[in-house]
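Here are the chains, one letter per residue:
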Amino acid sequence: MARKRKNRLLNPAARQGMDLLKKNVMGKALGKHIASPDDVSMEVAKQLGIPFQERGNGELKAEDAGKIGGAIGGSMVKELVRMAEASLAHNRK
C-alpha cells in the first residue's frame, strides 16, 4: 500500500522563513525577481517548458510535477547545506 506523504513542517512557525528561502533561492537560480513564493512553481514550469496553471493542474503528469518540485527542493537543500557548512566553519574559528 502506498504511503500518504505529509508535506508539512515539523514547526509550523517556520513556514514564513521557508517561503522566503524558497523565493530567494529560486529567484537567484532563475535569474529573476520572484514576487511571491506562490509564483515559484509557475516560473520553474515556464523555464522547463511544462504547461502549468495557477489552478486546475489535474492533467499534469506526475513526471512533470516531479521535475518542478525537484528543481525547487533540490535548490533549497543545496542552499541549506551551504548555510550549515558556513555556520560550522564560522563556529570552528
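Refer to the structure presented above.
Just so you know, the residues in each chain are numbered from 1, in the order the chain's sequence is written. Where totals are concerned, whole chains, interfaces and linings use all residues; where local detail is concerned, this predicted model gives features only for residues with pLDDT of at least 70, and gives and counts side-chain atom pairs only at 80 or more. Side-chain numbers come from the whole structure's heavy atoms, not from hydrogens or water.

1. Considerations on the environment of Val40
Item 1. Per the convention used, a helix needs a DSSP run of H or I reaching at least four residues, while a strand needs a run of E reaching at least two, with both numbered from the N terminus. Of note, Val40 is situated in helix H2 (residues 40-48).
Item 2. For Val40 and Gly27, which are 13 residues apart along the polypeptide, the C-alpha to C-alpha distance reads 8.0 Å.
Item 3. Contact definition: two residues touch when any of their heavy atoms are within 4.5 Å. Non-local contacts of Val40, meaning those with residues more than four positions away in its chain, are made with Lys22, Lys23, Met26, Ile34 and Ile72.

2. Some thoughts on helix H1 (residues 15-30)
Item 1. If you check H1, its first and last C-alpha atoms are 22 Å apart, about what 16 residues at 1.5 Å a residue would give, namely 22 Å.
Item 2. Think of it in three bands: with a 1.4 Å probe and only protein chains considered, a residue is buried below 20% of the maximum accessible area for its type, exposed above 50%, and partly exposed in between. Among all positions in H1, only Leu21, Lys23, Val25, Met26, Gly27 and Leu30 are buried.
Item 3. Of the surrounding secondary structure, the elements contacted by the buried residues of H1 are H2 and helix H3 (62-92).
Item 4. Immediately downstream of H1, the backbone of Gly31 shows phi near 70 degrees, a positive value. Expected span of a helix: the number of residues minus one, times 1.5 Å.

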